[in-house]
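Here are the chains, one letter per residue:
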Amino acid sequence: MQIDIITTTPFDDQKPGTSGLRKKVTVFQQANYLENFVQSIFNSLDDLKGKTLVLGGDGRYYNRQAIQTIIKMAAANDVAGLIIGQGGLFSTPAASNIIRKYQAFGGIVLSASHNPGGPDEDFGIKYNVSNGGPAPEKFTDALFENTKTIKEYKIAKIDDVDLDQIGEQQTGNIKINIVDSVADYAELMAQIFDFDLLKSCIGSGYISLCFDAMHAITGPYAKHILVDVLGASPDSIINAEPKEDFGGGHPDPNMAHAKELTEIMFSDQAPTFGAASDGDGDRNMVMGAGIFVTPSDSLAIIAANAKSIPAYSKGISGVARSMPTSQAVDRVAAKQNLACFETPTGWKYFGNLLDAGKITICGEESFGTGSDHVREKDGLWAVLFWLNLVARRRQPVAEIVQEHWRQYGRDIYCRHDYEAVDAKIANEIFDHLKQQLSGLAGQSFGENTVDYADIFSYTDPVDQSVSHNQGIRIGFTNGSRMVFRLSGTGTVGATLRIYLEKFEADADKHDQDAQEALAELIELAEQFCQVKQRTGRTAPDVIT
Ligand code: VG1
Ligand code: CO
């Protein structure tokens, strides 16, 4: 096997964000761009030699080309074996499962998740470690340092691999194992949930469903699990066929982007249950007939009802949520006497807590929920959890949510995103916000008195590593909160996220529209950050 050593020069923009490196495809297509990043991953891994890695992606444009390059570079860097999903496909949670199940050294996951795909859209790459989860900050920092000094990369002169042929093949010094992308994942789901109960409820028509795969990776997973195994009708999956450009859509499972599903769920013909997943299958949106469940509520309801699901019937060890996620799950933890952790945004911060057995269930407001079954958030897992819950409780989604609110109160919640803001203006907004922080505590604004105003830092309770600068939070004495963050996954300018929440104990007021209930806080947030004033915008681009 001939190995070429190619001279290269660093790119200065290869700092991994919230979840890996995400850039326009055209950026990745520059000579040496992908190669530099992949070699930097390999350079940051001690004892890579002789190990097996998992490789796969969400199937977006450039997935196959990138995989062929990575295979050749892995071979040249003494990787002994690669487990690759058929067609180069793995959903993010499926890749996490494969790493764990086959005890691989780690994995390279190709995805820009919910970002659009296609020749002019986004591509992404990230490294997951041997627990199946995203590499911790310590690793991504070392990786970034490597990208700044890289001088050469190694690539083997071997033929392209046939990614569609299941089975083992040897090429050069590397063993390639092409596996079914869905089978192992489907098997794991069958171990967690009550498939017999689901089959009978779906078969009898008690549960009817609509799953929107958004022309992304979950199409084949949903088809196999929901239709072939659980017996749902084939037309209960919409936009089921994966496409390199997601059919031109934005594969983000929220009501703004999953429009078709939303219309169905709010129509007279709505099925019992509706759901959608994102580009790489780790996000989920849960709906019932006439209702959208906010991800923060979904996390709280999942935690509160875990014992109804076979895999968690003995109880859960604890819960965690990312800082901007609403405090709904905290109330469940308090009532059920569970440990509860608040982490920075991004799934990598849950890894240590899950590994240490401190938590079983975790989630984020950004349509991400998961458990200790893998080390990524898991869209279909959440969908199956809810289906199992509806089947067990024999109650519609709306009733489950309303009952939960009656028991715990409702944390009325929303997020406003201002996308593609000029980076300079975004920085000015944050500078301005930071200047105000020290003087805010004790000040009153209408019915809201500031309790604390700070920049969130997190100390990992397992390895004591500290992560600074994880968003600005302003908490009020009545429990309301607002959080300001800059996105770490966008690829154009800066995306400002404003998260707002307010607690409502009174059941008579639980039916309110979130935007109306939060109007005063929304206005106050503008007063603090002046995003509209400084950008000339009149409204957020996306409200979730
Ligand atoms: C966003 C979400 C965050 C999530 C991340 C990756 O990050 O807010 O909660 O973990 O995306 O999800 P940011 O930095 O843009 O706010 V995914 O499905 O894009 O891998
Ligand atoms: Co995703």
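For the structure, check the block above.
Residues numbered from 1 in each chain as written. Chains lettered and ligands numbered in written order. Predicted model: local features only at pLDDT ≥ 70, side-chain atom pairs only at ≥ 80, totals over all residues. Heavy atoms only, no water.

Engineer: Got a minute to help me understand the layout of surface pockets in this structure?
Structural biologist: Empty pockets left among the atoms are what a rolling probe the size of a water molecule brings to light. Roughly 1,100 Å³ of internal volume is contained in the largest pocket. Broken down by secondary-structure element, the contributors of at least two residues to the lining of the largest pocket are β2 (21-24), α5 (137-149), α15 (423-440), β23 (466-467), β25 (481-486) and β26 (494-504). Per element, the largest residue contribution to the lining of the largest pocket is five residues, and it comes from α15. Across the lining of the largest pocket, the residue classes break down as 14 nonpolar, 18 polar and nine charged. Residue lining of the second largest pocket: 25 residues in total, with Met 255, Phe 292, Thr 294, Asp 513 and Ala 514 positioned closest to the centre. (1 Å grid on protein atoms, 1.4 Å probe; cavity = no way out; pocket = protein on both sides within 12 Å on 5 of 7 lines; lining within 4 Å. Points joined across faces, edges and corners; volume = space filled by probe spheres on them. Helix = DSSP H or I, 4+ residues; strand = E, 2+ residues; numbered from the N terminus. Nonpolar A, V, L, I, M, F, W, Y, C, P; charged D, E, K, R; others polar.)

Engineer: Could you clarify how one ought to interpret empty space enclosed by the protein in this entry?
Structural biologist: The tally for this structure, following the rule as stated, stands at four cavities of 30 Å³ or more. Roughly 360 Å³ of internal volume is contained in the largest cavity. If you go around the largest cavity, you meet 37 residues; those closest to its centre are Thr 18, Ser 19, Arg 22, Gly 346 and Thr 489. For the lining of the largest cavity, the secondary structure elements donating two or more residues are β2, α2 (33-43), β6 (122-128), α5 and β26. Among the residues forming the lining of the largest cavity, the class breakdown is 12 nonpolar, 13 polar and 12 charged. In terms of lining residues, the second largest cavity is bounded by His 416, Tyr 418, Ile 498, Leu 500, Ile 522, Ala 525, Glu 526, Cys 529, Val 531 and Lys 532. Of all the elements in the fold, those that place two or more residues in the lining of the second largest cavity are β19 (410-421), β26, α17 (519-529) and α18 (531-535). No other element matches the four residues that α17 contributes to the lining of the second largest cavity. Here the residues of the lining of the second largest cavity are counted per class, giving seven nonpolar, one polar and two charged.

Engineer: Just to check I follow, could you spell out the site of ligand 1 for this structure?
Structural biologist: Within the structure, ligand 1 sits among 20 residues, and Thr 18, Ser 113, Gly 488, Thr 489 and Arg 497 are positioned closest to it. Residue Ser 113 places a side-chain N or O atom 2.5 Å away from an oxygen atom belonging to ligand 1. In the model, an oxygen atom of ligand 1 is placed 2.5 Å from a nitrogen or oxygen of the Arg 497 side chain. For ligand 1, the cavity whose grid points lie within 2 Å of the majority of its atoms is the largest cavity. The residue inventory of the shell around ligand 1, partitioned by class, reads no nonpolar, 10 polar and 10 charged. (Near = heavy atom within 4 Å. Polar contact = N/O pair within 3.5 Å; in protein donor to acceptor, adjacent residues only side chain to side chain. Sits in = over half its atoms within 2 Å of the grid points.)

Engineer: What is the right way to read the pattern of salt bridges from this model?
Structural biologist: Oppositely charged side chains are able to pair whenever their charged atoms sit close together. As enumerated under the stated definition, the model contains 30 salt bridges in all. A salt bridge links Lys 24 to Glu 121; the shortest N-O distance between them is 3.4 Å. Placement of the pair is Lys 24 in strand β2 and Glu 121 in the loop between β5 (106-110) and β6, with a sequence separation of 97 residues. Classification of Lys 24 by relative accessible area gives partly exposed; the value is 21%. For Glu 121, a relative accessible area of 29% translates into the label partly exposed. Salt bridges linked by common partners bring Arg 321, Asp 330, Glu 342, Asp 454, Arg 473, Arg 481 and Glu 501 together as one network. (Salt bridge = Lys/Arg side-chain N within 4 Å of Asp/Glu carboxyl O. Buried < 20%, exposed > 50% of the residue type's maximum accessible area, 1.4 Å probe, protein only.)

Shape is all these values report; function is a separate question.
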